Amino acid sequence: MRINPPLVALAIGAFGIGVTEFAPMGMLPGIADDLGVSIPAAGLLVSAYALGVLLGAPLMTLTTGRIPRRYLLIGLMAIFTLGNLMSALATDYTSLLIARVVTSLNHGAFFGVGSIVAASVVAPDKRAGAVAAMFMGLTLATIGGVPLAAWFGEVFGWRTAFWGITGLGVLAMLALWFALPNVPLPKSDGVLAEIRVLGRGPVLAALALTVIGSSAMFTVFTYIAPFLSSETQASTAFITAMLVLYGIGLTLGNIWGGKAADRSVDRTLIVSLSALILVLLAFTVLMRWPLPAAVAILIWGIASFAIVPPLQMRVMEAAKEAPNLASAVNIGAFNLGNAIGAALGGAVINAGLGYPAISLAGAAMAGLGLLMVLGFAWRARAVAAAVV
C-alpha cells in the first residue's frame, strides 16, 4: 500500500498511544521509588489505564457521535496530550493515578473511530490493510518507542519520558490536522439503537473472539521477562533484545494480517491461531536454548498480531449499523483479554506449575479461539445453505 497521509497521521497517534500504554511497565521501579509506594501499588497504574480504556471506549464514542470525525480524532489526541502532561507534572501517587485514567479515556475511541476513518480513505478491497496500517504505529511503539521511553525514564527520570510523550501528542495533533480529510459523519439512529446493535449475537460473538484472542497473547507476554530469566537463563540485554524481536514480529504479523484479511477474514484467523497454538506448544521446549527461543519469539509475535486486523474487521462488519461504537468497544475487548490473560498466567504461576505451563495455557486459549472461528464459519455456511 502506497503512502497515504491520513493513514500516516493515524499511525502517529497510534504510536503515541502504544508508548504511553506500555512504557510505565518498564519504569515501575523508578516510579515506585520516587513516589514512595510499593511495586504492586505502582502496578495499579497499569490496571487503572486498562480500566479507563474499558470505560472510556463506549462513553467517549456514544457522547461524541455528532462531532465531525476529523475534529473528534484531534480532540481525542488533545486528551491524550493533557493526560501525559498531567503525568509529567504529577507530584504524588494519587495525582499520577488520576493522570493515567485521563490519558486512557481517548484510547478506545481513537482506535475505534480511527479504524472507521482509515477504512474510509481507501478502496473497499483495501480496508483491512488500511486498519493494519494505522495499527502499525502501535506495533512500532513496541519496537522502538517503549524501550526508548524506558531508557529515558531510567537515565533522566520517569517524568522526562512523559514529557517526551506529551510532545509526541502535539506532533500527532498537528499531523491529524493537516492530513485528515473531512470524513462524513456515520449514519446513526441514536444512542439506544447503537447499543441494541451491540446486543446482537454475531456482534457479541465477534467481541468474545477478540477477548479470547487477546488473552492467548497476553497469558505469556505479561510474564515474558521472568519466563526468559528463569528458563533460558537470559541476561537483561538478551531479554531486551527479545522484546524488540517480539515487537518486530508484531509488526510483520500486522502487515500480513491486514493484507490476508482483505482476502478472507476467517482464513486469516484460522491460519494465525493455528500457528499461535503450534509455536506456544513448541516454546515449552525451545525456551531452554537462546537461539531457538529467539526464533520462536519472532514467530509468536507474527502470529499474535496477525489476528488483530481480522478481529477488528469482523466486529466492524458484524455491527455495520454502529461501526464506531462496536469498533471502540472491540478495543476495550482487547484490553479485557489482556487482563484475563495476565490473570490466567498469574494463576498458573501461583499454582506452582512452572513457567512452561504458562505457554501451555496460552496455547489452550488460542485453541479455544480457533474452535470459535471454526464454529462461527460452520454456522455461517449452514445459514447460507438454508437460505438457498
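Residues numbered from 1 in each chain as written. Predicted model: local features only at pLDDT ≥ 70, side-chain atom pairs only at ≥ 80, totals over all residues. Heavy atoms only, no water.

## Considerations on the domain arrangement of the protein
Interface size is often expressed as the accessible area that is lost when the parts come together. Entries for the protein in the domain assignment read domain 1 (1–188) and domain 2 (191–387). Of note, the centres of domain 1 and domain 2, computed from C-alpha atoms alone, are 21 Å apart. Taken residue by residue, the interface counts 37 residues in domain 1 and 34 residues in domain 2. Roughly 2,700 Å² is buried in total at the junction of domain 1 and domain 2, and carbon and sulfur atoms are behind 71% of that figure. Counting every contact that joins domain 1 to domain 2 gives 1 salt bridge. Where the side of domain 1 that touches domain 2 is concerned, the elements lending two or more residues are helix H1 (5–35), helix H2 (39–63), helix H5 (107–120) and helix H6 (127–156). Examining the composition of the side of domain 1 that touches domain 2, we find that 13 residues originate from one element, H6, more than from any other. Residue composition of the side of domain 1 that touches domain 2, grouped by class: 22 nonpolar, 9 polar and 6 charged. (Domains from an automatic or database assignment. Contact = heavy atoms within 4.5 Å. Buried area = accessible area lost by both parts, 1.4 Å probe. Salt bridge = Lys/Arg side-chain N within 4 Å of Asp/Glu carboxyl O. Helix = DSSP H or I, 4+ residues; strand = E, 2+ residues; numbered from the N terminus. Nonpolar A, V, L, I, M, F, W, Y, C, P; charged D, E, K, R; others polar.)

## Some remarks on a nonpolar patch on the surface
Residues Ile67, Tyr71, Val170, Leu174, Trp177 and Phe178 make up a contiguous nonpolar surface patch of about 630 Å² in total accessible area. Mapped onto the fold, Phe178 is located in helix H7 (residues 158–179). (Patch = residues over 30% accessible without salt bridge, like charges linked within 9 Å, V, L, I, M, F, W, Y side chains within 5 Å. Areas by Shrake-Rupley, 256 points an atom, 1.4 Å probe, with all protein chains shown as cover.)

## Some points on the nonpolar core
In terms of nonpolar packing, the biggest core is built from 104 residues, with Leu10, Leu73, Phe135, Leu176, Phe283 and Trp300 touching the most fellow members. The leading source of residues in this core is H1, at 11 residues. Both domain 1 (1–188) and domain 2 (191–387) contribute no fewer than three residues apiece to this core. Those residues in contact with Phe283, other than ones at most four positions away along the chain, are Ile224, Phe227, Leu228, Ala293, Ala296, Ile297 and Ser359. Membership of the second largest hydrophobic core comes to 13 residues, among which are Val197, Val315, Ala319 and Ala326. (Core = buried A, V, L, I, M, F, W, Y, C linked by side-chain atoms within 4.5 Å. Buried < 20%, exposed > 50% of the residue type's maximum accessible area, 1.4 Å probe, protein only.)

## Looking at the packing of helix H3 (residues 69–89) against H7
Interhelical geometry of H3 versus H7 gives an angle of 165 degrees and a closest axis separation of 8 Å. Taken together, the axes of H3 and H7 are roughly antiparallel relative to one another. In this structure, the crossing between H3 and H7 has a hand that is left-handed. Split by residue class, the contact of H3 with H7 holds 18 nonpolar, 5 polar and 2 charged. (Axes fitted to C-alpha atoms, helices over the stretch in contact; angles between N-to-C directions. Parallel < 35°, antiparallel > 145°, perpendicular 65-115°, else oblique. Left-handed = near helix turned anticlockwise from the far one by under 90°.)

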